[in-house]
Amino acid sequence: MPQYNHRETEQKWRKRWAETKLYQTDLGAGAKQAGLYRTDLGSSVEKVQDRPKYYNLVMFPYPSGDKLHIGHWYNYGPADTWGRYMRMKGFNVFQPMGYDAFGLPAENHAIKTGIHPDESTRKNTATMTEQLGRIGTMYDWEKTLDTSRPEYYRWTQWLFLQMFKNGLAYKKVASVNFCPNDQTVLANEQAQDGTCERCGAQVIQKPLNQWFWKITSYAQRLIDGLDTLAWPEKTKLMQRNWIGRSEGAEVRFEIEGSKEVITVFTTRVDTLFSAAFVVLAPEHPLVDTITAESEKKSVIKYREQAAKKTELQRTDLAKEKTGIFTGAFAVNPANGEKIPVWVADFVLAQYGHGAVFGDAHDERDFEFAKKYKISLKTTIQPADGSDDADIRSLKVCFGDDGILYDSGDFSGLTSAEARKKIAAWLGEKEKGNPVVNFRLRDWLLSRQRYWGAPIPIVYDPDGKPHPVPEEHLPWLLPTDVEFKPKGESPLTYSKEFAARTEKIFGKGWTPEYDTMDTFVCSSFYYLRYLMTGAEGGEKNFVEPRMEKKWMPVDMYIGGPEHACMHLIYARFVMMVLKDFGFVSHDEPFQRLVHQGLITNKGVKMSKSKGNVVSPDDFVDTYGSDVFRMYLMFMGPFTEGGDWSDKGITGVARFVERFYLLMSSDGKSGEEKVTDEPAMKRNLHATIKRVTEDMKKMQFNTAIAALMEFVNGCHKTGINREAKKLATMLISPLAPHLAEELWEIMGEKFSIVDQPWPGYDPSFLVTDTMTLAVQVNGKVRGELEVATGIQEDEIFAQASIIENVARHMEGKTPVKKIYVPGKLVSFVVK
RNA sequence: GCCGGGGUGGCGAAGCUGGUAGACGCGCAAGACUUAAAAUCUUGUGGUAGCAAUACCGCGCGGGUUCGACCCCCGCCCCCGGCACCA
């Protein structure tokens, strides 16, 4: 029968925390005064808001109807442990929580059940708030937010207006995946292999006029800023690759018998003399103008076929490349040769200029030319002088850098030299120039969906877009819509929306019917937490003093799956806001940590796979502290792992043992110390280890250290002081348990406002030490010596250890090595 | 294909800048308590041989550097994640 009643205890403390508003942060800087918290740091009493700030943020969840799953706990438990640790380290920690509430699942739910997304979302957020409380987190719920509420999305819309005003928002035609059967737009993931995820019908490409934000203008800054961030290198690398900076050159090819010029981008301008053909993307505007009369029919047909393909089909690497000759010829600006112009869908319209030149020194071009019998020639040979007969005879493709030949004045140069010189030469002739290109594309934010923030744009009777003036924000999402898809954006069917627009702007005016990508909502929420409930929070996007004080976020914790979406968008938006003068920082998230993924039998848990493990039963049986600690004990926080309930009993036993040892009425709780120095050494070594592990977020080894401490105390006994310090050490990990023990010890509420314990190194010093003794690198014995002993003496003592002596017998000593405090090593021959 | 991160007992995992591999926990085994079981406590627990001292083997595989390698170097294999016709 366990002594520690987790159910009662945990409930009791959660109630107390809420009642005393223990986790409400005074943001200062003009914020509403939230009551002053006192804390004993040494003898002085300080105001919490005078402490250095620490913005501890965790990525906010999407409020789905399912309960909190293990992934949530794995994310929020340790993140909270970190916040608690930082609070005890003396920081004024701000730890808010909210909901990323707009999005597809609520809308799909509405289509199925007819329940309005607003209703289901509110229900879900209420349940989730309750459940998040169970984790024992110190969220400041007074500053919560919900992106689907008008008081929030007015700022989403405000942001759009800022972008529009500053020329960073524009409209252009882009295709969406459309299911003609379901009459709805599909996300790329829903249109895998070209069929609709739901009904299996053939997905078509529908061109629509959509809104974009010019994130590409910030490509270079987004790369440069990464150097200033304490982020995982992996994540930075992923962003760098995503943005995809590449240095190269533009080359202009004139078209024979036409005034048109094709501009191509290349990173291998050193191969220009071998250019054998030019290829345009099917969408390239010049396809129409330059195609010869005789080829028109087939080119048009080819283009139509390409247009039908989804992006996934277009980019399927396995498929064989196809293309068609336009009948036109381009002139190679390097040597005046005439080369054919083709159209092929392996060329991407969105990258570079949607046109490339092909030659023998590129694997893809090589194959394409072979397939369509385009004649090639080589102009690069391997730099190492190896036999290149196969290359010259076009048996194999040589795609590496090398030495140029048959390249006019540039023959003999290395590829690297030639790239610079040829680009410069083209510049002089006005046939090209050096240029930097990025893979990053502009942010398409139009969504033909209902459950999102309406784009605050209206069109005059001529179809010209105008921003909705700020005084009309929030530009409310209408409620009189039919969720069942009918082929158009759902807002098209709202009578109220149309009427409202005409009433405000005049007859013939129409609203924009699309809503915004939910990544817009989450691109600035970290700023809005600062204003929720603050004075002027409804009128100011962010108060400058507040932003200056609290930004950037000191620690941001969330999944690595956001590396190239949310984490780039948020950075972009922050930079833009800085340029517009609303914030003072360039970067929103100073430090970033990704929690690992918890899988079930090696696969990601998901509702559709039906392999989700619910935390509830475990929390009921063992308590919240045990469950969150078990998740941390399983392994390193950043690595995640495969779920298994094996071993949770170990943590449960530990909690029980800890409770018994620390609570004075427990059977092993008598304040009897049988070995004071050993106990003190154990205590201070534990403080040291736990502190170091916490700092590195290695919660698993921190818990192990506390387990060892308890094991040690069963031998040495423990006194009151040690109990207090150990309870402080465990409090970020098991907050309810620690609070309870703190009270049992008669200490003042709350333990979270205690300073983090420091250790005294003098207790760690021992008078003897154990050294390993090696002969030729193999351990042959152990030696216990006094700490201050001379090196000579160590060697002397070590060499007479029986087993050591035996292994050295009859051999010549070569070398003696002493690693202080660790080992002695003899080398013999 | 390219770019990251990993492969350590039966299992989850530790292991500081090259210095006693396997801390801590699960599981298992034996013992104590109990009429018994559970719970709890104690002890043991990488493999092989041995009563033992001890020896040999052992961190994906094969080489190398070193007195000494999970750690560094070279060449492979496998798993996970990301990107993927970016010219």
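Keep in mind the model is a prediction, meaning the values are calculated, not measured.

**Looking at the sheet that holds strand β29 (residues 778–786)**
- One open sheet holds the four strands; their spatial order is β29-β28-β31-β30, and the pairing between them is mixed. Two strands bound the open sheet, and with one partner strand each, they are β29 and β30 (813–819). In this sheet, neighbouring strand axes are inclined to one another by 20° on average, regardless of whether the strands run parallel or antiparallel.
- As defined by bridge partners, strand β28 (residues 768–775) adjoins strand β31 (residues 823–828) across four bridges and the pair is classed as parallel. Within β31, the residue paired with Val773 across the bridge is Val824.

**With respect to the protein's contact with RNA strand B**
- Taken together, 56 residues surround RNA strand B, and among them Lys319, Lys321, Arg364, Met634 and Arg653 come closest.
- Ser246 places a polar side-chain atom, nitrogen or oxygen, 3.1 Å from a phosphate oxygen of RNA strand B.
- Between a sugar or linking oxygen of RNA strand B and a side-chain N or O atom of Thr266, the distance comes to 2.8 Å.
- For the surface near RNA strand B, the leading source of residues is helix α23 (residues 699–716), giving six residues.

**What to know about the pairing of β28**
- Relative to β29, β28 runs antiparallel, the two sharing eight bridges. For Leu771, the partnering residue across the bridge sits in β29 and is Leu783.
- If you look at the hairpin formed by β28 and β29, you'll find two residues sitting between the two strands, and Asn776 has a positive phi there, around 50°.

**Details of the side chain of Ser624**
- Tracing the chain through its elements places Ser624 in helix α20 (residues 624–633).
- By relative accessible area, which is 0% here, Ser624 ends up buried.
- Polar contacts involving the side chain of Ser624 include one to the main-chain carbonyl oxygen of Arg134, which spans 2.8 Å.
- A distance of 3.3 Å separates a polar side-chain atom of Ser624 from the backbone oxygen of Ile135.
- Once residues within four sequence positions are removed from consideration, Ser624 is found in contact with Glu10, Arg14, Trp73, Arg134, Ile135, Gly136, Val619 and His736.

**Some details on the environment of His109**
- Within the secondary structure layout, His109 lies in helix α3 (residues 104–113).
- Separated by 584 residues in sequence, His109 and Asp693 place their C-alpha atoms 44 Å apart.
- Excluding residues within four positions of it along the chain, His109 makes contact with Gly114, Ile115 and Ser120.

**A look at the nonpolar core**
- Counting residues in hydrophobic clusters, the biggest one holds 168 residues, and the most contacted among them are Tyr55, Trp213, Tyr525, Tyr526, Phe572 and Trp643.
- No other element matches the eleven residues that helix α18 (residues 566–580) contributes to this core.
- Once you skip the residues sitting within four places of it in the chain, Tyr55 turns out to touch Phe94, Pro96, Tyr526, Tyr529, Leu530, Trp550, Met551, Pro552, Val553, Asp554 and Met555.
- Formed by 52 residues, the second largest nonpolar core is a distinct cluster that contains Ile262, Ala275, Phe366 and Ile380.

**Quick word on the sheet that holds strand β6 (residues 184–186)**
- Strand order in the open sheet formed by four strands is β6-β5-β7-β17, with antiparallel pairing between adjacent strands. Every other strand in the sheet has two partners, leaving β6 and β17 (443–444) as the edge strands with one partner each.
- Pairing of strand β7 (residues 204–213) with β17, which is carried by two bridges, proceeds in the antiparallel orientation. When the bridges of β17 are listed, Trp213 appears paired with Trp443.

**Remarks on the packing of aromatic side chains**
- Counted by the stated rule, this structure contains 59 aromatic pairs.
- Taken together, a centroid distance of 5.3 Å and an interplanar angle of 85° make the contact between Phe160 and Trp211 edge-to-face. Remark: Trp211 occurs in strand β7 and Phe160 occurs in helix α5 (residues 150–165); sequence separation between them is 51 residues.
- Trp211 gets classed as buried once you look at its relative accessible area, which sits at 2%.

Parameters at a glance
- Residues numbered from 1 in each chain as written.
- Chains lettered and ligands numbered in written order.
- Predicted model: local features only at pLDDT ≥ 70, side-chain atom pairs only at ≥ 80, totals over all residues.
- Heavy atoms only, no water.
- Pairing = 2+ DSSP bridges.
- Helix = DSSP H or I, 4+ residues; strand = E, 2+ residues; numbered from the N terminus.
- Axes fitted to C-alpha atoms, helices over the stretch in contact; angles between N-to-C directions.
- Near = heavy atom within 4 Å.
- Polar contact = N/O pair within 3.5 Å; in protein donor to acceptor, adjacent residues only side chain to side chain.
- Buried < 20%, exposed > 50% of the residue type's maximum accessible area, 1.4 Å probe, protein only.
- Contact = heavy atoms within 4.5 Å.
- Core = buried A, V, L, I, M, F, W, Y, C linked by side-chain atoms within 4.5 Å.
- Phe/Tyr/Trp six-rings, centres within 6.5 Å; stacked < 30°, edge-to-face > 60°.

That is the geometry; function is a separate question.
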